[in-house]
Amino acid sequence: MNRTLSEQELVRREALQKIRDLGIDPYPAERFDVTAFSSDVLANFDSEKGNYQEVSMAGRLMARRIMGKAAFAHLQDMEGRIQIYVSRDEICPGEDKTLYNTLFKKLLDLGDFIGIKGHAFTTRTGETTIHVTELKLLSKSLRPLPVVKSTKEGETYDAFSDPEQRYRMRYVDLTVNPQYREIFKRRSKIVSTMRAFFDRHDWLEVETPVLQPIHGGAAARPFETHHNTLDMPLFLRIANELYLKRLIVGGFDGVYEFGKMFRNEGMDRTHNPEFTSVEIYVAYKDYVWMMEMVEQLLEETTLKVTGGTKVMVGENEIDFKGPYVRMSMYESIEKYTGIDISAMTEEEMRQVCKQLHIEIDDTMGRGKLIDEIFGEKVEDHLIQPTYITDYPIEMTPLAKKHRTAEGLVERFELFVNGKEIANAYSELNDPIDQYERFVDQLELAKRGDEEAMALDMDFVRALEYGMPPTSGLGIGIDRFTMMLTNQTSIQEVIFFPQMRPEKTAEDAEAEAKEE
RNA sequence: GAUCCUGUAGCUCAGCUGGUAGAGCAUAUCACUUUUAAUGAUAGGGUCCUGGGUUCGAGCCCCAGCGGGAUCACCA
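Residues numbered from 1 in each chain as written. Chains lettered and ligands numbered in written order. Predicted model: local features only at pLDDT ≥ 70, side-chain atom pairs only at ≥ 80, totals over all residues. Heavy atoms only, no water.

1. Some details on the sheet that holds strand S4 (residues 113-122)
Then step 1. The mixed closed barrel is built from 5 strands, whose spatial order is S1-S2-S3-S5-S4. Going from strand to strand, the sheet's axes swing by 50° on average, the running direction of each strand aside.
Then step 2. Sitting on the sheet, helix H4 (residues 98-107) is in contact with strand S1 (55-67), strand S2 (70-77), strand S3 (80-87) and strand S5 (128-139), with an inclination near 80° to S1. (Pairing = 2+ DSSP bridges. Helix = DSSP H or I, 4+ residues; strand = E, 2+ residues; numbered from the N terminus. Axes fitted to C-alpha atoms, helices over the stretch in contact; angles between N-to-C directions. Contact = heavy atoms within 4.5 Å.)

The structure is reproduced here in structure tokens:
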């Protein structure tokens, strides 16, 4: 670590040494007990009651206004910022004024963690403030934070706003842009609310392998890795569906898993290589039941997380209160194009695509053509939560054949604001049918489809032992969080989105030498 | 993958027709015991993303590369 230190970093390192010279440990080991968060005091302090007369708080020193023998500053803790008032003779009652004159005024910097004790009062300008009687350095910061200033009117100056910097140094982002903490608190609440919902129904939270010898359960390209001792390739899971269904076979009638999935595909503002989904499987149910369950789940989650069932997503107000509109895929296409394709042959559909100016190629089968028409002409219109049901069998090798309609499966996807956020089936539990569907996938793979599903004979064996009729569901947590936080980029709801490695000066130098 | 935009001080940004870099905040020193984008004075701070090229001279022009963003394409 021989990087050149900036002037401000040098100043802080010198201050660190001077603090040690004073006999003060800049990184003390002992605990500092906190009795209140800033938000508690700001919400509940009442100068007439005179509460909060002995509070102990801790956080980062975020702004200082020194006026000789007294100073105002802001302390930022997990719940917000509160002003503190530090006067020299208050924290240094004796002759020795070092703590104020030297430590507080000279050697502390913005970003340092401090602990304070004192009492709440209201300043002349009406701001609730902590009058500090004791002050202790808890951890010295050696790099200057970006200084983001904002006025009482809410105007912000010099915001730390470069997305690259914000994502690479999320710790800085969360510190100086605390409003972004709210997104992640909400994300956490979404997960905990859903978990509580599932637990209340006595469904079991489980964990299944992330490292899988066969990547199944979805159509996507996987990450491949290698296990040294076993000397075999392993894949990071693209889905956990087949494992969860094995647990249904084993006799757990309801299982769910929140987990990371990994897909080795493009990255953009709606795709990160690793993302979180929740999948749930419930025995003796079908996809019709599942639609009702999802309505309850999303309505409850939205209500508990946001306080209402309606959320603004961009320009649109979305209402997650059920029931949601249900439309079969064919109906939706007829509604938005005026064309009924349900009885058409592949060739007739090609004509329809041409008529609608949809680009297609010869490799596309009937299922793919339907999907293209749907993607081009229907998806964008599905703003309020809408179930699209009954998909072509070719696209869905793990779903049960439709109970009445030929060539379709019992599947629905939930679309909100033009985007899919949930996918569910009446799960295929006929082992012979499942085997044949896998074989069809192998044919696709032979024709060059990199996303075709691999044959998982152990899964077929499990089905041969018998799986009860089951309904399964997957929800993309990242995308649902985007909706409930009104974000348009997945990177904003993931703490550490995938980035290319940062190129340091040393790297550049090493590269230059190689050439 | 394609196109466009972008990279200058710790942060946010200027930088004219090519003439060896500037502001605000932050930092340092001084003053100031109810301030709040605190104030006043003074000072310091730069691998102008990287590597080539053109030129007497490049932050600026040209070429190549790297990072990031946006749009499109691809993709559950």
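2. A few points about the pattern of salt bridges
Then step 1. With the rule as written, the count across this model stands at 33 salt bridges.
Then step 2. The partner of Asp 478 in a salt bridge is Arg 187, with the nearest N and O atoms 3.0 Å apart. Taken together, the residues span a long stretch of sequence, with Asp 478 in helix H15 (residues 477-485) and Arg 187 in helix H7 (residues 179-200) at a distance of 291 residues. Assigned by exposure class, Asp 478 and Arg 187 land together as buried.
Then step 3. Between Arg 411 and Glu 413 there is a salt bridge, and its shortest N-O distance comes to 3.0 Å.
Then step 4. Shared partners join several salt bridges into a network, and the residues in it are Arg 166, Arg 170, Asp 173 and Glu 492. (Salt bridge = Lys/Arg side-chain N within 4 Å of Asp/Glu carboxyl O. Buried < 20%, exposed > 50% of the residue type's maximum accessible area, 1.4 Å probe, protein only.)

3. Quick word on the packing of aromatic side chains
Then step 1. Tallied over the entire structure, the rule returns 16 aromatic pairs.
Then step 2. On the numbers, 6.1 Å between centres and 80° between planes, the contact of Phe 197 with Phe 198 is edge-to-face. When sorted by exposure, Phe 197 lands in the same class as Phe 198, which is buried.
Then step 3. The structure contains a cluster of three or more aromatic residues connected by ring pairs, namely Phe 197, Phe 198, Trp 203, Tyr 256, Phe 258 and Trp 289.
Then step 4. A cation sits over an aromatic face here: Arg 166 above Tyr 180, 3.8 Å from the ring centre.
Then step 5. Over the ring of Tyr 391 we find Arg 411, and its NZ or CZ is 4.5 Å from the ring centre. (Phe/Tyr/Trp six-rings, centres within 6.5 Å; stacked < 30°, edge-to-face > 60°. Lys NZ or Arg CZ within 6 Å of the ring centre and 35° of its normal.)

4. Describing the side chain of Glu 257
Then step 1. Take Glu 257: it is sitting in strand S12 (residues 254-262).
Then step 2. Judged by its relative accessible area of 3%, Glu 257 is buried.
Then step 3. Side-chain polar atoms of Glu 257 contact the side chain of Thr 208, separated by 2.5 Å. (Polar contact = N/O pair within 3.5 Å; in protein donor to acceptor, adjacent residues only side chain to side chain.)

5. Remarks on the packing of helix H10 (residues 329-337) against helix H12 (residues 366-377)
Then step 1. Contact pair H10 / H12: the axes reach a minimum separation of 10 Å and the direction vectors enclose 45°. Judged by the angle between their axes, H10 and H12 are oblique. For H10 against H12, the interelement crossing comes out left-handed. Note on element contacts: H12 touches H10 through Arg 366, Ile 370, Ile 373, Phe 374 and Lys 377, opposite Met 329, Tyr 330, Ser 332, Ile 333, Tyr 336 and Thr 337.
Then step 2. Residues of the contact of H10 with H12, tallied by class, amount to 7 nonpolar, 2 polar and 2 charged. (Parallel < 35°, antiparallel > 145°, perpendicular 65-115°, else oblique. Left-handed = near helix turned anticlockwise from the far one by under 90°. Nonpolar A, V, L, I, M, F, W, Y, C, P; charged D, E, K, R; others polar.)

6. Considering the packing of helix H13 (residues 431-446) against helix H14 (residues 457-465)
Then step 1. Two elements in contact, H13 and H14, have axes separated by 9 Å at closest approach and are oriented at 165°. Regarding the angle of H13 to H14, the classification is roughly antiparallel. The crossing of H13 and H14 is right-handed. Where H13 abuts H14, its residues Pro 431, Gln 434, Tyr 435 and Phe 438 lie against Met 457, Phe 459, Val 460, Leu 463 and Glu 464.
Then step 2. Of the residues belonging to the contact of H13 with H14, the class tally is 7 nonpolar, 1 polar and 1 charged.

7. Quick notes on the sheet that holds strand S10 (residues 224-227)
Then step 1. Within the open sheet, the 3 strands sit side by side as S9-S11-S10. Their pairing is antiparallel. Each end of this open sheet is capped by a strand with a single partner; those strands are strand S9 (211-212) and S10.
Then step 2. The pairing of S10 with strand S11 (residues 232-236) spans 4 bridges and is antiparallel. Directly across from His 227, in S11, lies its bridge partner Met 232.

Purely geometric stuff here, so don't read any function into it on its own.
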